[in-house]
Structures are given as C-alpha cells and as structure tokens.
Amino acid sequence: MEKGRKEKKAKALWPGFLAGTLLAAGVYLLGLLFLALLLTKGTVSEGSAFVIVAVLCVLATLCGGLLAVRKTAWKATGLLTGVIFALALLAIGLTGWKDGITWLGQGGVLLLCALGGGFAATLLGGRRRRRK
C-alpha cells in the first residue's frame, strides 16, 4: 500500500511540470507575437522592446511556475520550470545565431529574468493550508 502511494505521487509530478512548462512557453510566444504586432504598428518603440521582452519572460515563467506548483505537491517545480525555460532560451540562442548572442548583455538579463520568474513562482505558489 505504501509503495503504491509513492508511485502515484511520482507520476503526478511530471504532468504538472509539463503543463507549467508548456504554459510558460505559450505565454512567452504569444506575448512575442503581440509585441511584434505592436512594433510593426508603431505603438511601441524599438528602444523599449527589450524591456517588454524581459518583463514578458518573467511573467511567462511566473505563470508556468505557479501552475506547476499548484498541480504538484512539490514547490521546487516553479524554479525547475524557470531553469528549463532559461535552458531553452540558451539553446535557441546558441543554435539559432551564427555569431552568437552576447550573454553578458541582454541575453544574460533574459536568462536571469527566466530564473527570477521561476524563483518567484516557488515563493508565491505554495498551497494554502486550511485552518481548523
């Protein structure tokens, strides 16, 4: 009986983590599409685009991390979602550009934003206990 409960908890971890990671990627991509629309219309200037992308990165990992924490019993899935999202950004940055991205500049800020959003999800996403 005890072994069955542990297996059930271990299996329940991955669907919640996967849902959080997919939500983070979806929010980020939809936000980038919306930002591209605003840039082409001239509503947002190009100078402020990076700040919006950085905020979008934090919000995406925060949303995905909160979902992952809520769906699982393990609070560290919020930070894990941020780490996986940052690794995905790093992998795309390294493989997508021939010259590479200056990771000490804006690329490093995006990685830190992804990790910060995951950390915030870990802190904010705990289950609330009911008072008796």
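For every chain, the first residue of its written sequence is number 1, and the numbers climb from 1 along that sequence. Thresholds applied to this predicted model are a pLDDT of at least 70 for local features of residues and 80 or more for the giving and counting of side-chain atom pairs; totals over whole chains, interfaces and linings are not thresholded and use all residues. Excluding hydrogens and water, the side-chain values take into account all heavy atoms of the structure.

Please clarify how helix α4 (residues 106–124) should be interpreted in this entry.
The α-helix winds at 3.6 residues per turn, so residues separated by three or four positions along the chain end up facing the same way. Helix and strand definitions follow DSSP, with helices as H or I runs of at least four residues and strands as E runs of at least two, each counted in order from the N terminus. An expected span of 1.5 Å times one less than the residue number is assigned to each helix. Helix length check: α4 (19 residues) gives 27 Å between terminal C-alpha atoms against 27 Å at 1.5 Å per residue, within 8%. Relative accessibility decides the category of a residue: with a 1.4 Å probe and only protein chains considered, values under 20% of the type maximum give buried, values over 50% give exposed, and everything between is partly exposed. Considered for burial, the residues of α4 that qualify are G107, G108, L110, L111, C113, A114, G117, G118, A121 and T122.

When you look at the packing of helix α2 (residues 49–71) against helix α3 (residues 77–96) in this model, what are you seeing that I'm missing?
Two quantities define a packed helix pair, namely the angle between the helix axes and the distance between the axes. Orientation is described by axes fitted as lines to C-alpha atoms, over the contacting stretch for helices, and by angles from 0 to 180 degrees between their N-to-C directions. Running from amino to carboxyl end, α2 crosses α3 at an angle of 140 degrees, the nearest separation of the two axes being 8 Å. Regarding the angle of α2 to α3, the classification is oblique. The crossing of α2 and α3 is right-handed. Here C57, T61, G64, G65, A68 and V69 of α2 come into contact with α3, specifically with T77, G78, T81, G82, F85 and L89. Grouping the constituent residues of the contact of α2 with α3 by class yields five nonpolar, seven polar and no charged. Throughout this description, any angle smaller than 35 degrees is read as roughly parallel, any larger than 145 degrees as roughly antiparallel, any in the 65 to 115 degree range as roughly perpendicular, and the remainder as oblique. Two helices cross in a left-handed way if the nearer one is turned anticlockwise from the farther one by less than a right angle. They cross in a right-handed way if the turn is clockwise. Here a residue-residue contact requires only that any non-hydrogen atoms of the pair lie within 4.5 Å. Classification used: nonpolar for Ala, Val, Leu, Ile, Met, Phe, Trp, Tyr, Cys and Pro, charged for Asp, Glu, Lys and Arg, polar for all others including Gly.

When you look at the side chain of T122 in this model, what are you seeing that I'm missing?
Residue position: T122 is located in helix α4. Under the relative-accessibility criterion, T122 is labelled buried at 15%. Within the structure, the side chain of T122 is placed 2.8 Å from the backbone nitrogen of L79, a separation counted as a polar contact. With near-sequence residues (within four places) excluded, T122 lies in contact with K75, G78 and L79. The term polar contact refers here to a pair of N or O atoms within 3.5 Å; inside protein, the definition further demands a hydrogen-donor-capable atom paired with an acceptor-capable atom, and it admits residues adjacent in sequence only when both atoms are side-chain atoms.

Honestly, the packing of α2 against α4 in this entry has me stumped. Any pointers?
Two elements in contact, α2 and α4, have axes whose closest approach is 7 Å; the angle formed by their N-to-C orientations is 30 degrees. When the axis of α2 is compared with that of α4, the two are roughly parallel. As for how α2 packs across α4, the hand of that crossing is right-handed. For the pair α2 and α4, contact is made by F50, V53, A54, C57, V58, T61, L62, G65, L66 and V69 and by Q106, V109, L110, C113, A114, G117, G118, A120, A121 and L124, respectively.

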